[in-house]
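Structural overview
The primary structure of each chain is shown beneath.
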Amino acid sequence: MRKIIFLFAFFTVPVYPIYSQMIKIENGIVISSMGHNKLNLFEKNIYTYSIAAGIDYFEHKYVYLSSKIGYLKKGGKNEVFLVSEIIDELTNKISIFENWNFIDVNTTCRLKYPLNNSHIYIGFGPFTDFLIGSNNTHYLESYKANKILFGICSELGFNRYLTDKMMLGVNISHQTLLNNFVHSNNSKIKNKTFYFMFTFGYSLY
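Summary of the structure given here. Because the structure is a prediction, the values reported are computed rather than measured.

1. Focus: the nonpolar core
If you look at the biggest cluster of nonpolar residues, it comprises 19 residues, and the most contacted ones within it are Met34, Trp100, Phe102, Phe181 and Val182. Counting only elements with at least two residues in this core, the list comes to β4 (90-115), β5 (118-132), β7 (148-161) and β11 (192-203). Sorting elements by how many residues they give to this core places β4 first, with 3 residues.

Have a look at this one:
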């Protein structure tokens, strides 16, 4: 397991080569939940803000590499009913949240289709998330979040070049987690994460 984690961390750390072409800033919305699990725990989506910095490099006509490092939250939501002590009935419904802070690092290989001053692309590649802060849950005392998550990122996007130097884009991504998000002695729970990001890029050449 340690070898697998090391390989994912190594290949997802952004490497800024001499031939890098465009630096970029991304920000947008992350949609996260703990997926369908046997205990029905925090299966509803939470919506949080994410920001990242990255670089596109080794660009050719139909392919290039893209790496980034950013901040995001992962978790889920439950909706529960409060019981009135006076009438012994269900009253107000409230939402309870579980979420953790992560540093997300990934590199994808993007296949692009050029269009005039823009291009569309699809990309695939590994990601590694590093937990920052506590890994204990607020509502599930027996559960802990893994300190390192790894998996495959798939994405679809569109970039438009405003000038020779500046670019704007949109990106939709999905993370497929290969290890467990949280765990206890008796059970393990995965996570589902989607990104909807806006990108601003500036060419170095």
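2. Some details on the pattern of salt bridges
A side chain of one charge can pair with a side chain of the opposite charge if their charged atoms are brought near each other. Within this structure, the stated rule accounts for 6 salt bridges. With a closest N to O distance of 3.7 Å, Glu26 and Lys24 form a salt bridge. Each member of the pair, Glu26 together with Lys24, is buried.

3. Looking at unusual backbone geometry
Even without being a glycine, Phe58 presents a positive backbone phi close to 50°. Relative to the helices and strands, Phe58 resides in the loop between β2 (46-57) and β3 (63-83). Exposure remark for Phe58: the relative accessible area of 37% places this residue in the partly exposed category. One non-glycine residue, Asn116, lies in positive phi territory at about 40°. Among the structural elements, Asn116 can be located in the loop between β4 and β5.

4. A word on the packing of aromatic side chains
Within a pair of aromatic rings, the relevant descriptors are the distance that separates the centres and the angle that separates the planes. With the rule as written, the count across this model stands at 4 aromatic pairs. Relative to Phe58, the ring of Tyr57 has its centre 5.4 Å away and its plane inclined at 70°; by these criteria the two rings are edge-to-face. Under the relative-accessibility criterion, Tyr57 is labelled buried at 6%. For the ring pair Phe102 and Phe181, a centre distance of 6.1 Å and an interplane angle of 40° mean the geometry is tilted. Taken together, the residues Phe102 in strand β4 and Phe181 in the loop between β8 (166-177) and β9 (182-183) connect sequence positions 79 residues apart. For the pair Phe102 and Phe181, a shared accessibility class is recorded, and that class is buried. By way of ring pairs, the aromatic residues Trp100, Phe102 and Phe181 are connected into one cluster. The ring of Tyr195 carries the charged tip of Lys68 above its face, separated from the ring centre by 4.9 Å. The residue whose ring lies beneath Lys74 is Phe102, and the NZ or CZ to ring-centre distance is 5.9 Å.

Conventions and cut-offs
Residues numbered from 1 in each chain as written. Predicted model: local features only at pLDDT ≥ 70, side-chain atom pairs only at ≥ 80, totals over all residues. Heavy atoms only, no water. Core = buried A, V, L, I, M, F, W, Y, C linked by side-chain atoms within 4.5 Å. Buried < 20%, exposed > 50% of the residue type's maximum accessible area, 1.4 Å probe, protein only. Helix = DSSP H or I, 4+ residues; strand = E, 2+ residues; numbered from the N terminus. Salt bridge = Lys/Arg side-chain N within 4 Å of Asp/Glu carboxyl O. Phe/Tyr/Trp six-rings, centres within 6.5 Å; stacked < 30°, edge-to-face > 60°. Lys NZ or Arg CZ within 6 Å of the ring centre and 35° of its normal.

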